[in-house]
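# Descriptive analysis of the structure
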Amino acid sequence: MKFIDILKYIILGIVQGFTEPIPVSSSGHVFILKKLMGITTIDLNFEIIVNFGSLLAILLIYKDDLIRLIKNFFKYFKVKNEETKRDYKYCWLIVLGSIPVGIVGFLFKDNIESALSNIKIVGISFLITSLFLFLVRNIKGIKKDKDLSWKDAVVVGLTQVIALIPGISRSGSTLIGGLFRGLDRDTALRYSFMLYIPVSVGTTILGFKDLLEMSNIHDLVLPYGLGFIASFVVSYFTLRWFIGVVKKGNLIYFSIYTLLLGLIILIFM
């Protein structure tokens, strides 16, 4: 494989890593980048690999929360106290919030992507993302993890379904859904990424099965590996930065960015 081809994998890994944690749609940016670079040979398995890099970065950042949740979930069957009850409930709310996108994605994801994967749809999706980010820019909810209800989980879970449309940000849609339900910024962001984990794990498992069956897998170890590393490293530092941005309530900057990007796409592409 030529150096320029390997470089394309690295660039796509960087773009995936930077755009996955923030509300600007990683799928939309990768779609645009492929079009601009004339890339037609990089397959879905690579996208699953770089998505896995982002997943590992998110798991690393939220590892303390995840370890506590898993421990208290099983501990609840033996010791029922306020802490174990709260975390037991929170775990089931993650499951509940993940069900809508799991069902719709399993049944219709390919149809949605084939029907809506064109540059104009992506541009319109960026404008929709911009509008909703603008609407929630000043919302300061008060609900904490312990206040999360099944209604909140269903609403946020349904917003994650919308992100199956290319150009609609998954992290953005779920964050917006949480803020609209009155969650405080930190709680909304954490729950957003908790919902990302089970869906991403399922997608990764299915993707690795297909990856192992590829006839040219040995030729792809280097470019896939470099893309994975780029995605992991960039996702980690981007999410660290974005957590601070959300706490300060600076979502307006992402609203402006997606507005400008959407307009550029619709006018010039």
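Just above sits the structure.
In this text, all values refer to a predicted model and were calculated from it rather than measured experimentally.

### Overview of the packing of aromatic side chains
- Scanning the entire structure with this criterion turns up 18 aromatic pairs.
- Ring centres of F73 and W92 lie 6.0 Å apart, and the angle between their planes is 55 degrees; this geometry places the pair in the tilted category. With F73 in helix 4 (residues 63–75) and W92 in helix 5 (residues 82–116), the pair connects residues that are 19 residues apart, well separated along the chain.
- Assessed through its relative accessible area of 15%, F73 is described here as buried.
- Overall, the relative accessible area of 44% leaves W92 in the partly exposed class.
- Arranged with centres 6.0 Å apart and planes meeting at 75 degrees, the rings of Y90 and Y191 form a pair that is edge-to-face. Placement of the pair is Y90 in helix 5 and Y191 in helix 9 (residues 185–212), with a sequence separation of 101 residues. Here the two residues Y90 and Y191 agree in accessibility, since each one is buried.
- By way of ring pairs, the aromatic residues F73, F74, Y76, F77, Y88 and W92 are connected into one cluster.
- Lying over the aromatic face of Y76, K80 brings its terminal NZ or CZ to 4.8 Å of the ring centre.
- Above the plane of the ring of F134 lies R137, whose end atom (NZ or CZ) is 3.8 Å from the centre.

### Things to note about a nonpolar patch on the surface
- Nonpolar side chains collect at one region of the surface, where Y253, I256, L259, L260, L263, I264, I267 and F268 lie side by side and expose about 840 Å² of accessible area between them.
- Inspection of the secondary structure puts I264 in helix 11 (residues 252–268).

### What about the pattern of salt bridges?
- Within this structure, the stated rule accounts for ten salt bridges.
- Linked through salt bridges whose partners overlap, the residues forming this network are D65, R68, R86 and D87.

### Considering the packing of helix 1 (residues 3–19) against helix 2 (residues 26–37)
- Contact geometry for helix 1 and helix 2: axes closest at 9 Å, N-to-C directions at 155 degrees. Here helix 2 runs roughly antiparallel to helix 1, going by the angle between their axes. Classified by chirality, the crossing of helix 2 by helix 1 is right-handed. Residues K8, I11, L12, V15, Q16 and T19 of helix 1 touch helix 2, and the partners they reach there are S26, H29, V30, L33, K34 and M37.
- Tallied by class, the residues present in the contact of helix 1 with helix 2 amount to six nonpolar, four polar and two charged.

Reading the values: rules and limits
- Residues numbered from 1 in each chain as written.
- Predicted model: local features only at pLDDT ≥ 70, side-chain atom pairs only at ≥ 80, totals over all residues.
- Heavy atoms only, no water.
- Phe/Tyr/Trp six-rings, centres within 6.5 Å; stacked < 30°, edge-to-face > 60°.
- Helix = DSSP H or I, 4+ residues; strand = E, 2+ residues; numbered from the N terminus.
- Buried < 20%, exposed > 50% of the residue type's maximum accessible area, 1.4 Å probe, protein only.
- Lys NZ or Arg CZ within 6 Å of the ring centre and 35° of its normal.
- Patch = residues over 30% accessible without salt bridge, like charges linked within 9 Å, V, L, I, M, F, W, Y side chains within 5 Å.
- Areas by Shrake-Rupley, 256 points an atom, 1.4 Å probe, with all protein chains shown as cover.
- Salt bridge = Lys/Arg side-chain N within 4 Å of Asp/Glu carboxyl O.
- Axes fitted to C-alpha atoms, helices over the stretch in contact; angles between N-to-C directions.
- Parallel < 35°, antiparallel > 145°, perpendicular 65-115°, else oblique.
- Left-handed = near helix turned anticlockwise from the far one by under 90°.
- Contact = heavy atoms within 4.5 Å.
- Nonpolar A, V, L, I, M, F, W, Y, C, P; charged D, E, K, R; others polar.

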